[in-house]
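# Understanding the architecture of this molecule
So you can see what is in the structure, the chains are spelled out below.
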Amino acid sequence: MSLPERRDMRLPFTELFEWLEHPVFGFRPFGQILRVEDYIAEGRYVLRTELPGIDPDKDVEVTVDDGVLHIRAEKTRKTTEPRRSEFAYGSLSRSVTLPATAKTDDVEAVYKDGVLEVSVGLAEGKKAEGRRIAVEH
């Protein structure tokens, strides 16, 4: 049994979807959003994000300001003319509110195998317990 041969067809509005994803034309007016995962391990808050194909020395900026962790990256397109590209290029950013017990003077960032991992130390001690507030009527 033979498989059908793939035809090389280019439909007239194939770039429309790329335009919709572009920050200028589409639904993301402030650049692409980094997808993240976070967890707490060994007394540290850990945030991981995929950033393949970048140079961490010149394309990534990690800052902490007023209890918020900011990650900014720039992914530039190579000057080739691909037939199709579904890669995201341009400015990428994400800001995440840190836990209340985060020690903002104890932050480490490591880039390995296309993944940026930022960890923040957590202070020993118990955070304030939440309580229910009665609603008057």
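Preceding this section is the structure that the text describes.
For the structure given in this document, a descriptive report is provided here.

Calculation criteria
Residues numbered from 1 in each chain as written. Predicted model: local features only at pLDDT ≥ 70, side-chain atom pairs only at ≥ 80, totals over all residues. Heavy atoms only, no water. Buried < 20%, exposed > 50% of the residue type's maximum accessible area, 1.4 Å probe, protein only. Helix = DSSP H or I, 4+ residues; strand = E, 2+ residues; numbered from the N terminus. Pairing = 2+ DSSP bridges. Contact = heavy atoms within 4.5 Å. Salt bridge = Lys/Arg side-chain N within 4 Å of Asp/Glu carboxyl O.

### Some details on the pairing of strand 3 (residues 44–50)
Most of strand 3 is tucked away: five of the seven residues are buried. As paired elements, strand 2 (residues 36–41) and strand 3 share six bridges and run antiparallel to each other. When the sheet's bridge partners are listed, tyrosine 39 is paired in strand 3 with valine 46. From the end of strand 2 to the start of strand 3, which pair antiparallel, there are two residues, and glutamate 42 there has a positive phi angle of about 50°. With seven bridges connecting them, strand 3 and strand 8 (residues 115–122) associate as antiparallel partners. Within the sheet, the bridge partner assigned to leucine 47 lies in strand 8 and is valine 118.

### Re the environment of tyrosine 39
Note on placement: tyrosine 39 falls in strand 2. With a relative accessible area of 36%, tyrosine 39 lands in the partly exposed category. Note: C-alpha distance between tyrosine 39 and serine 119 (80 residues apart in sequence) is 9.6 Å. Those residues in contact with tyrosine 39, other than ones at most four positions away along the chain, are Arg44, Tyr45, Val46, Arg48 and Glu117.

### Looking at the pattern of salt bridges
Under the criterion given, the structure shown has five salt bridges. Between aspartate 106 and arginine 44 there is a salt bridge, with its nearest N and O atoms 2.9 Å apart. Here the residue aspartate 106 occupies a position in strand 7 (residues 102–112), and arginine 44 occupies one in strand 3, the gap between them amounting to 62 residues. Taking relative accessible area as the criterion, aspartate 106 reaches 23% and is therefore assigned partly exposed. A residue is classified by how much of its surface remains accessible, and arginine 44, at 18% relative accessible area, is buried. A salt bridge links glutamate 117 to arginine 48; its shortest N-O distance comes to 3.6 Å.

### With respect to the side chain of serine 119
Position of serine 119 relative to the elements: it lies in strand 8. Here serine 119 falls in the buried class, since its relative accessible area comes to 9%. Beyond its immediate stretch of four places on either side in the chain, serine 119 contacts Arg44, Tyr45, Val46, Asp106, Val107 and Glu108.

### A closer look at the pairing of strand 8
The buried fraction of strand 8 is high, at seven of eight residues. The pairing of strand 7 with strand 8 spans seven bridges and is antiparallel. The residue of strand 8 that forms the bridge with glutamate 108 is serine 119. Here strand 7 folds back onto strand 8, and the loop between the two strands holds two residues, one of which, aspartate 113, carries a positive phi near 55°.

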